[in-house]
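# Observations on the model geometry
Residues per chain, in single letters:
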Amino acid sequence: MNCWEILGIEPTGDHERIQRAYEQQLKFASGEDANRLDQAFREATGQMPASPKGGPESEIPDEAPAAVDEPISGASNQPLDGNEGQVVREVVIQIKALLNDSSHSKDAGIWKAILCEPPADQSRLRAEIGRQLEPQIRPMAENGSFPESVTHFLGHWFGWSSLQAMPEEADERIYRESEVPEVGENEPPQMVNFWPAVIGWIIGLVILASFFGGMGGG
């Protein structure tokens, strides 16, 4: 991969755009990935990368924004302008680079960090990003290439109903617990079987008493 693929943008001389791409990728990079990002930044700009503007707070949040669970609505049919088109292209490049990383592509937090980042989270841009990614991403999600957390996020984020409706795996623990009442159902027959045994003991005692009584009389 060249420096532009690592940064997730098209070749450009805009230093601010390169810095923003670097900071975006750095949110879900660590160790060797962070070193590759630093090297890519140096190759693209000839300079050392500046510290991310967000500092430690720029890390991926534990929870997705509230809009994550809202499907696309109200998207306009008006064509995107140049800046919006550039944002869409950069997001699509980042997602395609993510698909080449089997470990990171299974992390729903990284998908959210890329797709929920303003201004890519706007309805118009989200709809266009979904349109370009759907032919590749949706079949992979439907075939089980991603974990359930990623599949459900993509379904809600892009409004792909087939992913929202995918059944969840059965909970075997609940199934086993549902069998517990059946054990209790066997208790009444055990109580019923107690009385024949008592009656048998009584009859046995009567026979023994009669036998010994007869011997005493003789």
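See the structure above.
A brief report on the enclosed structure follows. (Residues numbered from 1 in each chain as written. Predicted model: local features only at pLDDT ≥ 70, side-chain atom pairs only at ≥ 80, totals over all residues. Heavy atoms only, no water.)

### Focus on the overall build of the chain
Condition: By the criteria applied, helices consist of DSSP H or I runs no shorter than four residues and strands consist of E runs no shorter than two, each listed in order from the N terminus. Pairs of residues are marked as contacts when any of their non-hydrogen atoms sit within 4.5 Å. To be clear on the numbers: accessible area is Shrake-Rupley with a 1.4 Å probe, and residue cover counts the displayed protein chains and nothing else.
When helices and strands are tallied, the chain shows 12 helices and 0 strands. Each helix and strand of the chain, ordered N terminal to C terminal, gives the series α-α-α-α-α-α-α-α-α-α-α-α. Sequence separation of 24 or more characterises 64% of the internal contacts of the chain that already satisfy a separation of 6 or more. When the accessible surface of the chain is split by element, carbon and sulfur atoms take 54% of a total near 13,900 Å².

### Some remarks on the packing of helix α4 (residues 82–99) against helix α6 (residues 123–142)
When two helices pack together, you describe them by how their axes are tilted relative to each other and by the distance separating the axes. What counts is decided by this rule: Helix axes are fitted only over the stretch in contact, all axes being lines through C-alpha atoms; the angle between N-to-C directions runs from 0 to 180 degrees. By definition in this entry, angles of less than 35 degrees are roughly parallel, angles greater than 145 are roughly antiparallel, angles of 65 to 115 are roughly perpendicular, and the rest are oblique. What makes a crossing left-handed is the near helix being turned counterclockwise from the far one by less than a right angle; a clockwise turn instead makes it right-handed. Each residue receives one of three labels: charged for Asp, Glu, Lys and Arg, nonpolar for Ala, Val, Leu, Ile, Met, Phe, Trp, Tyr, Cys and Pro, and polar for the others, Gly being one of them.
Interaxial distance between α4 and α6 falls to 9 Å at its minimum, and their mutual angle equals 25°. On the basis of their axis angle, the class for α4 and α6 is roughly parallel. Handedness of the α4/α6 crossing: right-handed. On the side of α4, the interface is formed by Glu84, Val87, Val88, Val91, Val92, Ile95, Lys96 and Leu99, while α6 contributes Arg124, Leu125, Glu128, Ile129, Gln132, Leu133, Gln136, Ile137 and Met140. Taken together, the residues of the contact of α4 with α6 sort by class into 11 nonpolar, 2 polar and 4 charged.

### As for the packing of α6 against helix α7 (residues 148–158)
Two numbers describe how α6 lies on α7: the axes approach to 10 Å, and their chain directions differ by 145°. Crossing handedness for the pair α6 and α7: left-handed. Touching Arg126, Ile129, Gly130, Leu133, Ile137 and Ala141 of α6 are Thr151, Leu154, Trp157 and Phe158, all from α7. A breakdown of the residues in the contact of α6 with α7 according to their chemical character gives 7 nonpolar, 2 polar and 1 charged.

### Details of the nonpolar core
Applicable threshold: Take the buried residues of types Ala, Val, Leu, Ile, Met, Phe, Trp, Tyr and Cys, join any two whose side-chain atoms come within 4.5 Å, and each joined set is a nonpolar core. For each residue, the accessible area found with a 1.4 Å probe, counting protein chains only, is set against the maximum for its type, and the residue is called buried under 20%, exposed over 50%, and partly exposed in between.
By size, the foremost hydrophobic cluster in this structure holds 28 residues, and its most contacted members are Ile95, Trp111, Leu115, Ile137 and Leu154. The set of elements that each furnish at least two residues to this core consists of α4, α5 (108–115), α6 and α7. No other element matches the 7 residues that α4 contributes to this core. Aside from chain neighbours lying at most four places away, what touches Leu154 is Trp111, Leu115, Ile137, Phe146, Gly159, Trp160 and Leu163. In terms of nonpolar packing, the next biggest core, distinct from the first, is built from 12 residues, Cys3, Ile9, Ala40 and Ala44 among them.

### Digging into the environment of Ile93
If you trace the backbone, Ile93 turns up in helix α4. The spacing of Ile93 and Gly8 is 85 residues in sequence and 5.4 Å in space, taken between C-alpha atoms. In this structure, Ile93 is in contact with Gly8, Ile9 and Glu10, ignoring residues within four places of it in sequence.

### So, the side chain of Gln86
Locating Gln86 in the fold gives a position in helix α4. Among all residues touching Gln86, those that are not within four sequence positions of it are Glu10 and Arg17.

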